[in-house]
Amino acid sequence: STVLANLSSGVLFFNTAGLVRQANSAARKLLGFASPIGLSANDVFRKATIRPSGGSPSSLTVEQALAPALSGKSAVRGFLINYVTHDGETHVLEVAASAVLADDGTLLGTTLVLTDKTDIERIRHDQRVQQEVSSELALELRESLATISGYAQQLACSRDPDLARQLADNIASEAAELDRTIGSYLGGARVVVAGS
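Residues numbered from 1 in each chain as written. Predicted model: local features only at pLDDT ≥ 70, side-chain atom pairs only at ≥ 80, totals over all residues. Heavy atoms only, no water.

**As for the overall build of the chain**
Right, on to step 1. Counting secondary structure elements, the chain contains 6 helices and 6 strands.
Right, on to step 2. Going residue by residue from the N terminus, the α and β elements of the chain occur as α-β-β-α-α-β-α-β-β-β-α-α.
Right, on to step 3. Taken across its 196 residues, the chain has 27% of its residues classed as buried.
Right, on to step 4. If you take every contact in the chain between residues at least 6 apart in sequence, the share linking residues at least 24 apart comes to 42%. (Helix = DSSP H or I, 4+ residues; strand = E, 2+ residues; numbered from the N terminus. Buried < 20%, exposed > 50% of the residue type's maximum accessible area, 1.4 Å probe, protein only. Contact = heavy atoms within 4.5 Å.)

**Some remarks on the sheet that holds strand β1 (residues 10–14)**
Right, on to step 1. Across the sheet, 6 strands lie side by side as β2-β1-β6-β5-β4-β3; this open sheet has antiparallel pairing. Every interior strand has two partners, whereas the edge strands, β2 (20–23) and β3 (49–50), have only one.
Right, on to step 2. Here 9 bridges tie strand β5 (residues 90–101) to strand β6 (residues 107–116), and the two strands are oriented antiparallel to one another. Bridging across to β6, Leu-93 finds its partner in Asp-116.
Right, on to step 3. Its contacts with the sheet put helix α4 (residues 62–70) on β1, β3, β4 (76–84), β5 and β6, and the angle it makes with β4 is roughly 145 degrees. (Pairing = 2+ DSSP bridges. Axes fitted to C-alpha atoms, helices over the stretch in contact; angles between N-to-C directions.)

**Focus: the confidence of the model for the chain**
As a note on interpretation, predicted positions should not be read in detail where pLDDT is low.
Right, on to step 1. Overall, the predicted model of the chain reaches an average pLDDT of 83, with 88% of residues at or above 70.
Right, on to step 2. The least confident element of the chain, judged by mean pLDDT, is helix α1 (residues 2–5) at 62; the most confident is β2 at 93. (pLDDT = per-residue confidence, 0-100.)

**A look at a negative patch on the surface**
Right, on to step 1. On the surface, Glu-132, Glu-136, Glu-140 and Glu-143 cluster together into a negatively charged patch.
Right, on to step 2. On the secondary structure map, Glu-132 appears in helix α5 (residues 118–157).
Right, on to step 3. Given a relative accessible area of 56%, Glu-132 falls into the exposed group. (Patch = residues over 30% accessible without salt bridge, like charges linked within 9 Å, V, L, I, M, F, W, Y side chains within 5 Å. Areas by Shrake-Rupley, 256 points an atom, 1.4 Å probe, with all protein chains shown as cover. Salt bridge = Lys/Arg side-chain N within 4 Å of Asp/Glu carboxyl O. Lys, Arg positive; Asp, Glu negative; His and termini not counted. Charge placed at Lys NZ, Arg CZ, Asp CG, Glu CD.)

**Observations concerning the environment of Gln-166**
Right, on to step 1. Tracing the backbone shows Gln-166 in helix α6 (residues 161–195).
Right, on to step 2. Taking C-alpha positions, Gln-166 is 9.1 Å from Leu-155, a pair spaced 11 residues apart along the chain.

**Let's talk about the packing of aromatic side chains**
Right, on to step 1. According to the stated counting rule, one finds 1 aromatic pair in the structure shown.
Right, on to step 2. Between Phe-45 and Tyr-83, the ring centres sit 6.2 Å apart and the planes meet at 80 degrees, which makes this aromatic pair edge-to-face. Placement of Phe-45 in the loop between α3 (41–44) and β3 and of Tyr-83 in strand β4 is noted, with a sequence separation of 38 residues between them. Tyr-83 shares its class with Phe-45; the two are buried. (Phe/Tyr/Trp six-rings, centres within 6.5 Å; stacked < 30°, edge-to-face > 60°.)

**With respect to the environment of Val-62**
Right, on to step 1. Within the secondary structure layout, Val-62 lies in helix α4.
Right, on to step 2. Using a relative accessible area of 1% as the deciding quantity, one classes Val-62 as buried.
Right, on to step 3. Placed 17 residues apart in sequence, Val-62 and Phe-45 show a C-alpha to C-alpha distance of 6.6 Å.
Right, on to step 4. Excluding residues that lie within four positions of it along the chain, Val-62 makes contacts with Phe-45, Ala-48, Thr-49, Ile-50, Phe-79 and Ile-81.

**Quick word on the side chain of Thr-181**
Right, on to step 1. Among the secondary structure elements, Thr-181 is positioned in helix α6.
Right, on to step 2. Classification of Thr-181 as buried rests on a relative accessible area of 16%.
Right, on to step 3. The residues contacting Thr-181, other than those within four sequence positions of it, are Leu-137 and Glu-140.

**Quick look at the pairing of β5**
Right, on to step 1. With 7 bridges joining them, β4 and β5 adopt antiparallel strand pairing. Bridge pairing in β5 links Ile-81 to Leu-93.
Right, on to step 2. Linking β4 to β5, which pair antiparallel, is a turn of 5 residues; within it Gly-88 sits at a positive phi near 85 degrees.
Right, on to step 3. Between the antiparallel neighbours β5 and β6 lie 5 residues, among them Gly-105 with a positive phi of about 90 degrees.

What follows is the structure in structure tokens.
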């Protein structure tokens, strides 16, 4: 009990009837229950959904995914769920469950471990967004530089003073737009750094 009370991971123990018999404080906090004792997996995870792996959403409910472990057939390891507490707080939890067997092989119950991956998933999401923004910025920069280069080549070959003035204005305008784009990107980066 002392070890379980001090774990940062949530630990639930389901009896052979599939009801929660024990829950450490981390599990109660993650799940948002004062006490989940006596609840089934369906009750505990009713608002939870399995996070898609490899881009394809899962058609299984959390209870169905846990069924092999709850029945003592096999362990269930490392799937992620989106979990919403009664208060509307959202967590990304990694779930692992395994059967607890007596010396004679009979099922005593199932231990389920919940690890909070919310911050890690948020960081991964932010990194994906940052990569998308960086790719978009690189494309815009490349296009602006190609435009400026084209104007500069025309300017170098031009003998017409009016055309030269127009090309110089176009270069200045494109450079100003490029400066605004970079400024906007750097301003957004400063906000992200200040926020983190």
